[in-house]
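# Report on the structure
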Amino acid sequence: MPENKLLDLSFEFAVAIVNIVDGVTASKSSYMTDQLARAGTSVGANIHEAQYALSKRDFIAKLEIALKESNETSYWLKLMFKTKRIDAQTYQYTEKLCGNIRRLLISSCRTAKENAK
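Summary of the structure given here. (Residues numbered from 1 in each chain as written. Predicted model: local features only at pLDDT ≥ 70, side-chain atom pairs only at ≥ 80, totals over all residues. Heavy atoms only, no water.)

Counting secondary structure elements, the protein contains 4 helices and 0 strands. Secondary structure of the protein in N-to-C order comes out as α-α-α-α. For 117 residues, the compact-globule estimate of 2.2 N^0.38 gives 13 Å, and the C-alpha radius of gyration of the protein, at 15 Å, lies within 12% of that figure. Contacts in the protein between residues at least 24 apart in sequence constitute 73% of all its contacts with a sequence separation of at least 6. When the accessible area of the protein is evaluated, it comes to approximately 7400 Å², of which 53% is carbon and sulfur surface. Charged side chains of the protein number 17 positive and 13 negative; the gap between the two group centres comes to 7 Å. (Helix = DSSP H or I, 4+ residues; strand = E, 2+ residues; numbered from the N terminus. Rg over C-alpha atoms; globule rule 2.2 N^0.38 Å. Contact = heavy atoms within 4.5 Å. Areas by Shrake-Rupley, 256 points an atom, 1.4 Å probe, with all protein chains shown as cover. Lys, Arg positive; Asp, Glu negative; His and termini not counted. Charge placed at Lys NZ, Arg CZ, Asp CG, Glu CD.)

Next comes the structure, spelled out in structure tokens:
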């Protein structure tokens, strides 16, 4: 099976998000961890779902949803870091991963849109 960097990175990212959420022990953080879990794991889920899209338009739509979810995830990661729910190393690792995924998604969306013309 050929390597798909976007699928691999998004799965690694989802694992990192689950580990963050499971590791947060600060009281009254459940609203943040719930949002982080939903947005962060949705990135990979939408990328995965795009692999079986019904059309090019559906494929692009799934990738664009993943892109929006990655942006939201960055927000929650930053908020959790600034409120000391996660440490600097964890924040930097996951934010870098998120940024890499975002760049690949932007490129993939552009390419798919150009190919759909």
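Attention now moves to helix α2 (residues 30–50). The periodicity of an α-helix, 3.6 residues per turn, causes residues three or four places apart in sequence to face the same way. Taking 1.5 Å per residue, 21 residues should reach 30 Å; α2 reaches 30 Å between its end C-alpha atoms and fits that length. By the largest-angle criterion, serine 42 marks the main kink of α2, which is about 30 degrees. Contact partners of the buried residues in α2: α1 (5–23), α3 (56–82) and α4 (88–116). (Expected span 1.5 Å × (residues − 1). Bend = angle between axes of the 7 residues up to and from the residue.)

Relative to the assigned elements, serine 70 resides in helix α3. What makes serine 70 buried here is its relative accessible area of 0%. In this structure, the C-alpha to C-alpha distance between serine 70 and alanine 116, residues 46 residues apart in sequence, is 24 Å. Ignoring sequence-local partners within four residues, the contact set of serine 70 consists of Val43, Cys98, Arg102 and Leu105. (Buried < 20%, exposed > 50% of the residue type's maximum accessible area, 1.4 Å probe, protein only.)

Moving on, we get to the packing of α2 against α3. Any two packed helices are characterised by how steeply their axes cross, that is the angle between the axes, and by the distance between the axes. Direction vectors running N to C along α2 and α3 enclose 155 degrees, while the axes themselves pass 8 Å from each other. When the axis of α2 is compared with that of α3, the two are roughly antiparallel. The two elements α2 and α3 cross, and the hand of that crossing is left-handed. Class assignment for the residues of the contact of α2 with α3 results in 14 nonpolar, 7 polar and 5 charged. (Axes fitted to C-alpha atoms, helices over the stretch in contact; angles between N-to-C directions. Parallel < 35°, antiparallel > 145°, perpendicular 65-115°, else oblique. Left-handed = near helix turned anticlockwise from the far one by under 90°. Nonpolar A, V, L, I, M, F, W, Y, C, P; charged D, E, K, R; others polar.)

Summed over the entire model, instances satisfying the criterion amount to 2 aromatic pairs. On the numbers, 5.1 Å between centres and 80 degrees between planes, the contact of tyrosine 75 with tryptophan 76 is edge-to-face. Ring geometry for phenylalanine 81 versus tyrosine 91: centroids 4.7 Å apart, planes at 5 degrees, classification stacked. Linking phenylalanine 81 in helix α3 with tyrosine 91 in helix α4, this pair joins segments that are 10 residues apart in sequence. Taking the relative accessible area as the measure of exposure, tyrosine 91 reaches 16% and is therefore buried. (Phe/Tyr/Trp six-rings, centres within 6.5 Å; stacked < 30°, edge-to-face > 60°.)

Axis separation between α3 and α4 bottoms out at 9 Å; the angle between their running directions is 160 degrees. By the criterion of interaxial angle, the relationship of α3 to α4 is roughly antiparallel. Between α3 and α4 the crossing geometry is left-handed. In the contact of α3 with α4, the residues fall into 15 nonpolar, 6 polar and 6 charged.

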